[in-house]
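Observations on the model geometry
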Amino acid sequence: MPEYLITFNDEWVPHHTEEQIRAKSEAVRPVIDEMLAEGVLIFSNGGLDRSTAVCSVEAVDGEAVFTDGPFVETKEHLGGFAAVEVPDDATARYWAGRLATALEWPQEVHRFRGPGADRAGRLGNK
């Protein structure tokens, strides 16, 4: 079954107080619970922004070179995501719509070209 990544960029979300973020978390919880019950959610996490970056790394002459900052220049930063496994684009769009409605900020849907690896290191089908 195809895997999709539903994401939002931190820049798409206006500033929220801690109380507002807690309210968003409560509003989206029923959607996450439904995704779990339907067996479509692989993994989800939010709360990412420019301040959560640990380091950047690039290959230089075949070696990994880590930098604590400044980080790679970009206009956008990933704010959060949900990885889902659903039968088709329409279903991925449905879940992205549910998340966008619950959180009241835009979501973007990406279809992975093929299956990834799981924690046990298995590639492809589970």
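Quick caveat, the model's predicted, so the values are computed rather than measured.

**Comments concerning the overall build of the protein chain**
Along its length, the protein chain carries 2 helices and 6 strands. When the helices and strands of the protein chain are listed from N to C terminus, the series reads β-α-β-β-β-β-α-β. Relative to its full complement of 126 residues, the protein chain shows a buried share of 25%. The long-range share in the protein chain, meaning contacts at least 24 apart out of those at least 6 apart in sequence, stands at 77%. As displayed, the protein chain has an accessible area near 9000 Å², and 53% of this comes from carbon and sulfur atoms.

**Observations concerning the confidence of the model for the protein chain**
In this model, the protein chain carries an average pLDDT of 85, and 90% of its residues clear a pLDDT of 70 or more. Within the protein chain, the element-level pLDDT minimum falls on strand 3 (residues 56–60), averaging 85, and the maximum on helix 2 (residues 89–103), averaging 94.

**Quick look at the packing of helix 1 (residues 18–38) against helix 2**
Helix-helix packing is described using two parameters, namely the angle between the two axes and the distance between the axes. Packing of helix 1 against helix 2 brings their axes to within 8 Å, and their N-to-C directions diverge by 160 degrees. Between helix 1 and helix 2, the crossing angle belongs to the class labelled roughly antiparallel. In this structure, helix 1 meets helix 2 at a crossing whose hand is right-handed. Seen from helix 1, the contacting residues are Lys 24, Ala 27, Val 28, Val 31, Ile 32, Glu 34, Met 35 and Glu 38; seen from helix 2, they are Tyr 94, Trp 95, Arg 98, Leu 99, Ala 102 and Leu 103. Residue composition of the contact of helix 1 with helix 2, by class: 10 nonpolar, no polar and 4 charged.

What counts as what
- Residues numbered from 1 in each chain as written.
- Predicted model: local features only at pLDDT ≥ 70, side-chain atom pairs only at ≥ 80, totals over all residues.
- Heavy atoms only, no water.
- Helix = DSSP H or I, 4+ residues; strand = E, 2+ residues; numbered from the N terminus.
- Buried < 20%, exposed > 50% of the residue type's maximum accessible area, 1.4 Å probe, protein only.
- Contact = heavy atoms within 4.5 Å.
- Areas by Shrake-Rupley, 256 points an atom, 1.4 Å probe, with all protein chains shown as cover.
- pLDDT = per-residue confidence, 0-100.
- Axes fitted to C-alpha atoms, helices over the stretch in contact; angles between N-to-C directions.
- Parallel < 35°, antiparallel > 145°, perpendicular 65-115°, else oblique.
- Left-handed = near helix turned anticlockwise from the far one by under 90°.
- Nonpolar A, V, L, I, M, F, W, Y, C, P; charged D, E, K, R; others polar.

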